[in-house]
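Okay, here's what each chain looks like letter by letter:
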Amino acid sequence: MSEFVEKYINPFTDFGFKKLFGEELNKDLLLDFLNELLKEEQGQIKEITYLKTEHLGLTELDRKAIFDLYCENERGEKFIVELQKTKQNFFKDRTVYYSTFPIREQAKRADWNFELKAVYTIAILDFVFEADKNELEKFRYDVKLKDIETNKIFYDKLTFIYLEMPKFKKTIDQLETRFDKWLYVISNLNKLDRIPESLREQIFEKVFETAEIAKFTYDQVLSYEDSLKYYRDLKNSLDTAREEGEAEGIIKGKLEEKIEIARKMLVMEMPIDTIIQLTGLSEEQIKSLK
């Protein structure tokens, strides 16, 4: 069987994500996605403007911590959109830290009266947080500042949305909303060889047209292949580390089981030779348990 050749880009690559959502020509794609993501509290976002990130932050180190996309709507509310391919220590801390950039930026105005415009940090994750791994059906987390006792929102201008994409398992026939369709496209675009009939809407037809690799220039193909190689190498190294970790855990578990059995045998005053024969532990290991 010949290897499947991808017709469309992988949105989880840096190149793929920026191609779909980070280009002025495709701004309507990001606008539609944000409207579906936030329609319950935002209503309809009419316009978004891409903003530069290199001047954000107070220090040189801040300016190196660049997120993927930064934009604002017609009301001056800010949106950080971040794609995260792998688990990262303190990723939640990182998103909270990122949210302070557009907050501090508002303080630069000479006539600032401490009334902040809302800030939204949206993280599209190609992994599942360890704390959430048992919540198999919940893939979207909307986080605001709340009062613990009343559970009422204390401050509604700071919002964090995390989308754990590996948990989104709906098939093409199970898609109920336009938001479902967006999540399906992000999760499966590079696995498809044509646009499904249920996605034949103008916005998704543009997604597929934009993502078709055969329409790229030679330089774009090279850039995408580099981005794809990085993504695959990263995934392979993590899979290998996970497998080795699981194997190490099994070995460790078996060793601990043998040690426990040896301890019980020692309590029963069984001969060391017998314990060695039954557990496979060395004489030194067994004597160290006394």
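Further up the page is the structure itself.
These figures come from a predicted structure and were not determined experimentally.

1. Description of the environment of Ile-122
Right, on to step 1. Structurally, Ile-122 can be placed in strand β4 (residues 119-125).
Right, on to step 2. Taking the C-alpha atoms as reference points, Ile-122 and Ile-80, separated by 42 residues in sequence, lie 6.0 Å from one another.

2. A closer look at the packing of aromatic side chains
Right, on to step 1. On inspection of all chains with the given rule, the structure shows 16 aromatic pairs.
Right, on to step 2. When the centroid spacing of 5.0 Å and the interplanar angle of 80° are considered together, the rings of Tyr-97 and Phe-101 count as edge-to-face. In this pair, Tyr-97 and Phe-101 are both assigned in helix α4 (residues 91-106), four residues apart and thus about one turn of the helix distant.
Right, on to step 3. Residue classification places Tyr-97 among the partly exposed positions, given a relative accessible area of 37%.
Right, on to step 4. By relative accessible area, Phe-101 is classed as buried at 2%.
Right, on to step 5. An aromatic cluster is defined as three or more aromatic residues linked by ring pairs; in this entry it consists of Phe-17, Phe-21, Phe-33, Trp-182 and Phe-204.
Right, on to step 6. Taking the ring centre of Phe-129 as reference, the NZ or CZ of Lys-92 above it sits at 4.5 Å.

3. A word on α4
The α-helix advances 3.6 residues per turn, and as a result positions three or four apart in sequence lie on the same side.
Right, on to step 1. For α4, which comprises 16 residues, the first-to-last C-alpha distance of 24 Å matches the rise-based estimate of 22 Å (1.5 Å per residue) to within 8%.
Right, on to step 2. For α4, every residue scored as buried is listed here: Phe-91, Arg-94, Thr-95, Tyr-98, Ser-99, Phe-101, Pro-102 and Gln-106. Down the axis, α4 shows its buried residues gathered within 150° of arc, on one side only.

4. Notes on the nonpolar core
Right, on to step 1. Judged by nonpolar contacts, the single largest core of 52 residues is most densely connected at Phe-21, Phe-33 and Leu-34.
Right, on to step 2. Among the elements that take part in this core, helix α2 (residues 27-42) stands out by supplying seven residues, more than any other.
Right, on to step 3. Once you skip the residues sitting within four places of it in the chain, Phe-21 turns out to touch Leu-29, Leu-30, Phe-33, Tyr-50, Leu-69, Trp-182 and Ile-186.
Right, on to step 4. Counting residues in each nonpolar core, the second largest holds 10 residues, with Ala-123, Leu-125, Phe-160 and Tyr-162 among its members.

Conventions adopted
- Residues numbered from 1 in each chain as written.
- Predicted model: local features only at pLDDT ≥ 70, side-chain atom pairs only at ≥ 80, totals over all residues.
- Heavy atoms only, no water.
- Helix = DSSP H or I, 4+ residues; strand = E, 2+ residues; numbered from the N terminus.
- Phe/Tyr/Trp six-rings, centres within 6.5 Å; stacked < 30°, edge-to-face > 60°.
- Buried < 20%, exposed > 50% of the residue type's maximum accessible area, 1.4 Å probe, protein only.
- Lys NZ or Arg CZ within 6 Å of the ring centre and 35° of its normal.
- Expected span 1.5 Å × (residues − 1).
- Arc of directions from axis to C-beta.
- Core = buried A, V, L, I, M, F, W, Y, C linked by side-chain atoms within 4.5 Å.
- Contact = heavy atoms within 4.5 Å.

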